[in-house]
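Residue-level structure breakdown
Residues per chain, in single letters:
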Amino acid sequence: MEGKSYPAGTLIPKEDLRLLRIKYYGFDGEIKTGDMIVHKTVAGELLDIFQELLAAEYPIEKISLIDYYDADDMRSMTNNNTSAFYWRNITGGKSLSYHAVGLAVDINPLYNPYVKGNIVEPPSAAVYLDRTTPVKGLIANSQDAAVRAFKKRGWRWGGDWRTLKDYQHFEKHGNVYKKYKSKLAEISRETKP
Ligand SMILES: [Zn+2]
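The present account deals with the structure reproduced in this document.

Rules behind the numbers
Residues numbered from 1 in each chain as written. Predicted model: local features only at pLDDT ≥ 70, side-chain atom pairs only at ≥ 80, totals over all residues. Helix = DSSP H or I, 4+ residues; strand = E, 2+ residues; numbered from the N terminus. Buried ≥ 20, exposed ≤ 12 C-beta atoms within 10 Å, placed from the backbone. Contact = placed C-beta atoms within 7 Å. Pairing = 2+ DSSP bridges. Core = buried A, V, L, I, M, F, W, Y, C linked by C-beta atoms within 7 Å.

For the chain, the count of helices and strands is four helices and twelve strands. Taking the principal axes of its C-alpha atoms as reference, the chain extends roughly 40 × 35 × 30 Å. Burial analysis of the chain (193 residues in total) assigns 40% to the buried set. For the chain, the share of sequence-separated contacts (at least 6 apart) that also reach a separation of at least 24 residues comes to 63%.

This paragraph deals with the environment of Val38. For Val38, the location among the structural elements is in strand 2 (residues 31-39). For Val38, a count of 25 C-beta atoms within 10 Å translates into the label buried. Separated by 46 residues in sequence, Val38 and Ala84 place their C-alpha atoms 6.2 Å apart. With sequence-adjacent residues up to four places away left out, Val38 is seen in contact with Leu17, Arg18, Leu20, Ala43, Leu46, Ala84, Phe85 and Gly102.

Turning our attention to the sheet that holds strand 10 (residues 165-166). An order of 8-7-10 is seen for the three strands of this open sheet, with the pairing classed as antiparallel. Both outer strands of the open sheet, strand 8 (119-121) and strand 10, are each paired with one neighbouring strand and no more. As paired elements, strand 7 (residues 114-116) and strand 8 share three bridges and run antiparallel to each other. Considered in strand 8, the bridge of Tyr114 is made with Glu121.

Within a sheet, adjacent strands bond to each other through the backbone by hydrogen bonds, running parallel or antiparallel. The sheet built from three strands is open, its strands ordered 6-11-9 with antiparallel pairing. A strand with exactly one partner marks an edge of an open sheet, and here the two such strands are strand 6 (104-106) and strand 9 (156-157). Pairing between strand 6 and strand 11 (residues 169-171): three bridges, direction antiparallel. Within the sheet, the bridge partner assigned to Ala104 lies in strand 11 and is Glu171.

In this section: the pairing of strand 2. Where strand 1 (residues 17-25) lies against strand 2, nine bridges are found, and the strand directions are antiparallel. If you follow Arg21 over to strand 2, its bridge partner there is Asp35.

When glycine is set aside, most residues are seen to have a negative phi, and most peptide bonds are trans. Here the amide bond leading from Glu121 into Pro122 is cis, since omega sits at -5°, within 30 degrees of zero. Among the structural elements, Pro122 can be located in the loop between strand 8 and helix 3 (145-151). Despite not being glycine, Glu57 shows a phi value in the positive range, around 55°. Tracing the sequence through the fold places Glu57 in the loop between helix 1 (43-55) and strand 3 (62-63). The exposed category is assigned to Glu57, around which 11 C-beta atoms lie within 10 Å. One non-glycine residue with positive phi stands out, namely Asn108, at about 40°. Take Asn108: it is sitting in the loop between strand 6 and strand 7.

Counting residues in hydrophobic clusters, the biggest one holds 40 residues, and the most contacted among them are Ile37, Val38, Ala84, Ala100, Ala146 and Phe150. Filtering out sequence-adjacent residues up to four positions away, Ile37 remains in contact with Ser5, Leu17, Leu19, Leu65, Ala84, Phe85 and Gly102.

The following block contains the structure:
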């Protein structure tokens, strides 16, 4: 974490974060285990969500820490890596990302890109802009099992947003984020929400 997802100046205390070992249903049909760092207040419900997705044989290509990609979100997304905690701002640097406090998760990001106008992140996801294409792990609409699993626990889905779409992204609002809302990461890494 140090110097990567948890750079100097990170304000959220490590004691407030939890490392989860998550079992998931891989693209090859094998049950795999991956690591994910999240805020302690959502650790239990995220274990429940991923347990539900495993039971539904919901395909996830890989789950590993963004540190494995040297905290390079673009590399992690291009590799279709599902991840959560990462101390950073959102695009434009105007506010802290929900990922910065461990309250956001990106699922199969290559097939579920961030889209705003002509911007597609990761760029190699442009071939998945047609959301009706049947691709394993592509979150087509709000009937998707992951969308339902997150939403019923009060999470929001970026695929519902109007000014932009962030199909991979789920976030949990509440008092924890409010505490950090006015803060900004002092790092120049600014990407999608
Ligand atoms: Zn996200």
